[in-house]
Amino acid sequence: MKDPPATAFVIQELLAGRWATAPADRTTRVPGEFGVRLRCYLDVRQELSSQR
């Protein structure tokens, strides 16, 4: 994984395509730990439509 923050934002966009999200604008990194963290909020209570 060459750019963990970019990957996290791609995953957030995939989730946003399925559920309503409150998007995050930054990632956090903990020194000594692999990867990054991205906090976003999903509304999984909404009905899934048959369109995709």
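About the thresholds
- Residues numbered from 1 in each chain as written.
- Predicted model: local features only at pLDDT ≥ 70, side-chain atom pairs only at ≥ 80, totals over all residues.
- Heavy atoms only, no water.
- Helix = DSSP H or I, 4+ residues; strand = E, 2+ residues; numbered from the N terminus.
- Buried < 20%, exposed > 50% of the residue type's maximum accessible area, 1.4 Å probe, protein only.
- Areas by Shrake-Rupley, 256 points an atom, 1.4 Å probe, with all protein chains shown as cover.
- pLDDT = per-residue confidence, 0-100.
- Salt bridge = Lys/Arg side-chain N within 4 Å of Asp/Glu carboxyl O.
- Expected span 1.5 Å × (residues − 1).
- Arc of directions from axis to C-beta.
- Contact = heavy atoms within 4.5 Å.

Describing the overall build of the chain
Across its full length, the chain carries one helix and two strands. Ordered by position from the N terminus, the helices and strands of the chain form the series α-β-β. Per-residue burial for the chain yields a buried fraction of 10% across its 52 residues. Here the chain has roughly 4700 Å² of accessible surface; of this, 53% comes from carbon and sulfur atoms.

Side note on the confidence of the model for the chain
Overall, the predicted model of the chain reaches an average pLDDT of 77, with 79% of residues at or above 70. The element-level mean pLDDT for the chain is lowest in strand 1 (residues 20-22), coming to 70, with helix 1 (residues 4-18) highest at 83.

A word on the pattern of salt bridges
For the coordinates displayed, the defined rule picks out one salt bridge. Ionic pairing is found between Arg37 and Glu33, a salt bridge with its closest N-O pair at 3.3 Å.

A look at helix 1
With 15 residues, helix 1 extends 22 Å from end C-alpha to end C-alpha; this agrees with the ideal 21 Å at 1.5 Å per step. Every buried residue belonging to helix 1 is among Pro4, Ala8 and Gln12, and all of these are buried. Here the buried residues of helix 1 occupy an arc of 85° about the axis, which is enough to place them on one side. Among the exposed residues of helix 1, those oriented more than 90 degrees off its buried face are Val10, Glu13, Leu14 and Gly17.

Regarding the side chain of Gln12
Looking at where Gln12 falls in the secondary structure, it is placed in helix 1. Residue contacts for Gln12: discarding those within four places in its chain leaves Pro23, Ala24, Leu38 and Cys40.

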